[in-house]
Structures are given as C-alpha cells and as structure tokens.
Amino acid sequence: MRARYFYGWNVVGATFVMALFSFGLGFYGLAVYVATLQRLHGWSAAAVSAPVTVYYVAGALLTMSIGDLYERFGPRVVVAGGSVAMAAAVAALGFVTQPWHLYPIFIVMSVGWGSLNGAAINIILASWFQRRRGLVVSIAFNGATLGGVVVAPALILLSGVAGFPRTCGAAAGVLLAVLLPIAVGVMRRSPEELGLGPDGDACPPALAAASAGTERRGRGEALRTWRFWSVSVPFALGLAAQVGVLTHLVAVVTPMLGAGGSARAMSATTAAAVIGRLATGLVVDRLNRRLVTSATLVIQVAGLTLLAWAPSTVVVYAACALFGLGVGNLTILPGLILAGEWPREQFSALVSLVVGINQFTFAFGPSLVGVMRDWAGTYGPALGACTALQVVAAAMILFGPRARGGESSPARGEKTLRRRGGPGYPVP
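Residues numbered from 1 in each chain as written. Predicted model: local features only at pLDDT ≥ 70, side-chain atom pairs only at ≥ 80, totals over all residues. Heavy atoms only, no water.

1. Structural notes on the overall build of the protein chain
Check the secondary structure of the protein chain and you find 16 helices and zero strands. Counting every position in the protein chain, which comprises 428 residues, the buried fraction comes to 57%. Long-range contacts, defined as pairs at least 24 residues apart, comprise 83% of the intrachain contacts of the protein chain with a sequence gap of at least 6. Looking at the protein chain as shown, the accessible area adds up to about 16100 Å², and 68% of this sits on carbon and sulfur atoms. (Helix = DSSP H or I, 4+ residues; strand = E, 2+ residues; numbered from the N terminus. Buried < 20%, exposed > 50% of the residue type's maximum accessible area, 1.4 Å probe, protein only. Contact = heavy atoms within 4.5 Å. Areas by Shrake-Rupley, 256 points an atom, 1.4 Å probe, with all protein chains shown as cover.)

2. As for the pattern of salt bridges
Enumeration according to the criterion identifies two salt bridges in this entry. For the salt bridge of Glu341 with Arg290, the shortest nitrogen-to-oxygen distance reads 3.0 Å. Here Glu341 is found in helix H12 (residues 329–341), whereas its partner Arg290 is found in helix H10 (residues 289–309), with 51 residues between them in sequence. Under the relative-accessibility criterion, Glu341 is labelled buried at 1%. Its salt-bridge partner being Arg373, residue Asp374 comes within 3.9 Å of it at the nearest N-O pair. A residue is classified by how much of its surface remains accessible, and Asp374, at 34% relative accessible area, is partly exposed. Residue Arg373 is classed as partly exposed on the basis of its relative accessible area of 30%. (Salt bridge = Lys/Arg side-chain N within 4 Å of Asp/Glu carboxyl O.)

3. Focus on the environment of Ala271
Mapping Ala271 onto the fold places it in helix H9 (residues 226–283). Spatially, the C-alpha atoms of Ala271 and Cys320 are 9.9 Å apart, while their sequence positions differ by 49 residues.

4. Observations concerning the packing of H10 against helix H11 (residues 313–327)
Between H10 and H11, the shortest axis-to-axis distance is 7 Å and the interhelical angle comes to 155 degrees. In terms of orientation, H10 and H11 fall into the roughly antiparallel class. For the element pair H10 and H11, the recorded crossing hand is left-handed. Across from Thr296, Ile299, Gln300, Ala302, Gly303, Leu304, Leu306, Leu307 and Trp309 in H10, the residues of H11 making contact are Val315, Val316, Ala319, Leu322, Phe323, Leu325, Gly326 and Val327. Of the residues in the contact of H10 with H11, the class split is 13 nonpolar, four polar and no charged. (Axes fitted to C-alpha atoms, helices over the stretch in contact; angles between N-to-C directions. Parallel < 35°, antiparallel > 145°, perpendicular 65-115°, else oblique. Left-handed = near helix turned anticlockwise from the far one by under 90°. Nonpolar A, V, L, I, M, F, W, Y, C, P; charged D, E, K, R; others polar.)

5. What to know about the packing of aromatic side chains
Given two aromatic rings, one states the distance between the centres and the angle between the planes to describe the pair. Under the definition given, this model contains 14 aromatic pairs. Ring geometry for Phe6 against Trp128: centres 5.8 Å apart, planes inclined by 50 degrees, an arrangement best described as tilted. With Phe6 in the segment before helix H1 (8–41) and Trp128 in the loop between helix H5 (118–126) and helix H6 (133–162), this pair connects stretches of sequence that are 122 residues apart. Here Phe23 and Phe141 contribute two aromatic rings whose centre-to-centre distance is 6.2 Å and whose plane-to-plane angle is 70 degrees, an arrangement assigned as edge-to-face. With Phe23 in helix H1 and Phe141 in helix H6, the pair connects residues that are 118 residues apart, well separated along the chain. Residue Phe23 is classed as buried on the basis of its relative accessible area of 4%. When its relative accessible area of 0% is taken as the criterion, Phe141 is described as buried. Ring pairs connect the aromatic residues Phe6, Tyr7, Trp9, Trp128 and Phe129, which therefore count as one cluster. (Phe/Tyr/Trp six-rings, centres within 6.5 Å; stacked < 30°, edge-to-face > 60°.)

6. What about H11?
Owing to its 3.6 residues per turn, the α-helix brings residues three or four apart onto one side. In this model H11 runs 21 Å from its N-terminal to its C-terminal C-alpha over 15 residues, within 8% of the 21 Å that 1.5 Å per residue would give. Among the residues of H11, those classed as buried are Val315, Val316, Ala319, Cys320, Phe323, Gly324, Gly326 and Val327. Against H1, H9, H10, H12 and helix H15 (380–396) lie the buried residues of H11. (Expected span 1.5 Å × (residues − 1).)

7. So, the environment of Val90
By the element assignment, Val90 lies in helix H3 (residues 66–93). For Val90, a relative accessible area of 1% corresponds to the buried category. As for Val90 and Gly173, which are separated by 83 residues in sequence, their C-alpha atoms are 9.6 Å apart. Those residues in contact with Val90, other than ones at most four positions away along the chain, are Leu25, Tyr33, Met109, Cys168, Ala171 and Ala172.

8. Examining a nonpolar patch on the surface
Taken together, the side chains of Leu135, Leu282, Val283 and Leu287 define a hydrophobic patch exposed on the protein surface, amounting to about 310 Å² of accessible area. The exposure class assigned to Leu282 is exposed, which follows from its relative accessible area of 57%. (Patch = residues over 30% accessible without salt bridge, like charges linked within 9 Å, V, L, I, M, F, W, Y side chains within 5 Å.)

9. A few points about the packing of H9 against helix H13 (residues 347–362)
The contact between H9 and H13 brings their axes to 8 Å, and the two run at 40 degrees. Judged on the interaxial angle alone, H13 and H9 are oblique. The element H9 and its partner H13 pack so that their crossing is right-handed. When H9 is examined against H13, the residues Phe228, Trp229, Ser232, Phe235, Ala236, Leu239, Ala240 and Val243 are found in contact with a partner set consisting of Leu350, Leu353, Val354, Ile357, Asn358, Thr361 and Phe362. Broken down by class, the residue content of the contact of H9 with H13 amounts to twelve nonpolar, three polar and no charged.

Everything listed here is a matter of geometry and, on its own, says nothing about what the molecule does.
As structure tokens, this is what we get:
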C-alpha cells in the first residue's frame, strides 16, 4: 500500500516562497534601499536609518499579536493582506524624494513584514509538524536566506540597469503575482481541516483543546519567568547587532569592493546562511539548542572582527561568509528552543511574543550603526559595538534553565515542565 502524501509539505513549500519574498524585500532589501537612497540623494546614514528603526518597531508591535490574527482570520487572509501591504510600500520607495517620505512608506511595509516574518512562518508550520519541526523550519527559512542570495543582489544590479523606481515597481509586481495565488490556493489553517494531526498522524481529540484564554494566561506567566527571558534577551541582543550590520553591509563593503563586489559580498553572506541553516537543521533536534545558539554567535563574532579589520578584499569576503553562517540560525533557533522548553499549546503566543520583543530591540540596530558611523566617520566603532553585543548574547544564552541538562524534544520538554511545575502546570 502506497504511503499517503501529507499536505503539510505543500505548506512548507508555500512558507519557503513566502520567506523568499518577505525577507528578500522586507529584510535583506533594506540594505539596498538604504545604500541606494544615500547614493541618489546624498542623505546621511542617520537620516535613512531612523525610518528603518520605525519600521522594525511598528512591525514588532504587530508581530506580538500576529498569533491572534492568524488564529482569527487564518493564513490565507493574513498572508494575502501582508503581501499587498509590502508590495505597495516597495513600489512607493521608487518615488521617495525627501527623507520624511520613508516614514509612512516603512509603516505600511511593517504591516507586510509583521504578517510574513519569522513568527508567521513558525506559527503556520507549528500546527502541521511536531516531530520534524527543526527540519521543516530550516527548509522554510532557507527561503528567507535565498531572498538575500537572489532578491537583494538582483535589486542592486537591476537598479543600475533600469533605475531604482522601475526596479521597485517590478519587485512589487512579482511579489503580488507569486504570493497571492499561494495564499489563496495553498494555505490552510491546520491539518485538522483534512482530518489529520501534525506530521500526518491521526487527529487526537485533544489537539484543539487549548483556548485563546489559555494562551494569554501562559503568555503572562511566561513574562514572569527567567526561562522566557533567557531566550528573548540573548536573541534580542544578537539580532540587534546582526540587523544593524546587515542593513549597512552594502555601505560597509562598497568602498573596498565597489558596487559589483558589494552584490557578491551580500550573496556570499546569504549563501553562507543557507549552508549554516541547512547544517543546523539536520542536527539541531539531537543537540542542546542553547549551545548551538552560543556557537552561532561566536562564529558571527569572528566574522565581525575580520570585517572591522578587513586589510584585503579576500578578508572581506571571508568575514561576510563567517558572519553569514549565523544569519540564518538566529532566526530559527528562538522558535526551536521554545518548542523544546514550553507546552505545545502555548507555542504560537510565545513565539509571537519573543519575535516581537526581539524585533522591537533590533529595530534600533540600524540607527545604532548609522549614528556611530556618522559620529566616527567610519564603520569601525559601530562594528565593535555590534561585536560586543553578540559576545554578551553568546554568554547569556548558556544560563538558561535547560542549559545543563541538554536539549530534548518538545514532548520531553513538556514532560519536564510538568515535573518542575513550569508555566501552565502546577507543582505536584
């Protein structure tokens, strides 16, 4: 008898494409927008970085409640609405003539980003896969990394050929042409619609028993625990440094590499992210996820140190590759740690909260780097500050409640919470 194909793999493919465009245009693309607008209009780094901070803050506020929106409206409506918002904002970037124009445009873009970012991907996939969570999240988020490999460099090259306004319009049109059919035709709420449970198993009666009230109560309890903050704070610091560097990466390397070299450096960074994430996805379910996070941050510290030193073009490319090895992992590891340490019914609420808090914090990364660059006249001190943030994050993540015992599966993590009287479970 031939094994039945599980529809969840269609959802994985859909989230891969969703990540390709949302991260390509709404995350990696920011480095291109910032550098291009600086070059075209002669604006300072601070002038174009401040709107990016507003963008991330607004997106963070939406992300904190995105789980509720997905629960109420379903992925079809949220993904379609987010796609329209992001496309409209990207198209509008081509017509910017004053720095203040960026604020309303980035606020609109933040609606798309908050609807399609890492928290959304985690929420969509959480209901479809349990045993293979690490693998499928890694696959989906490689779409995000591919957005940096393909979309961001394409924006740089096309802007030089067709001009920035036409490039932005074309990118918006392709986004709508691809994501709207996927949202309508592929996205489903959960495997329960097909009479199945996660991973294609039989649907257990208690699978949908958790109520919104339970999730909200778990979220409030989580905020009062070190277990939660030992995940959120290190990733917030690490991502603040990472996003700050990525937003300015084109501007950092262009003086040494030129426009074509900067595109290759961005590709090297994101190609390394694909390799790093794939390697991590294959083994992370068998390793201590906190140790994996710390190692990831240490590798990025090595990359930033080389980038600040950068005596030659070869060193610049090597630095970008080392830094890139951790870029992908810092977006998937928060959800994987939460899945291993908290009950399944609280996952959507908690991953939205962690990603929202992290995004609110790393929203200030681009401004930090931009202001320090304008103050010092070079990116060296800003890269040093980002390195320090990642060193602190690498140390903090090791002090979590589960750091000594080794990482376990989500099911075993839930049993441990019951035994320890963790959030949602009374002490025996």
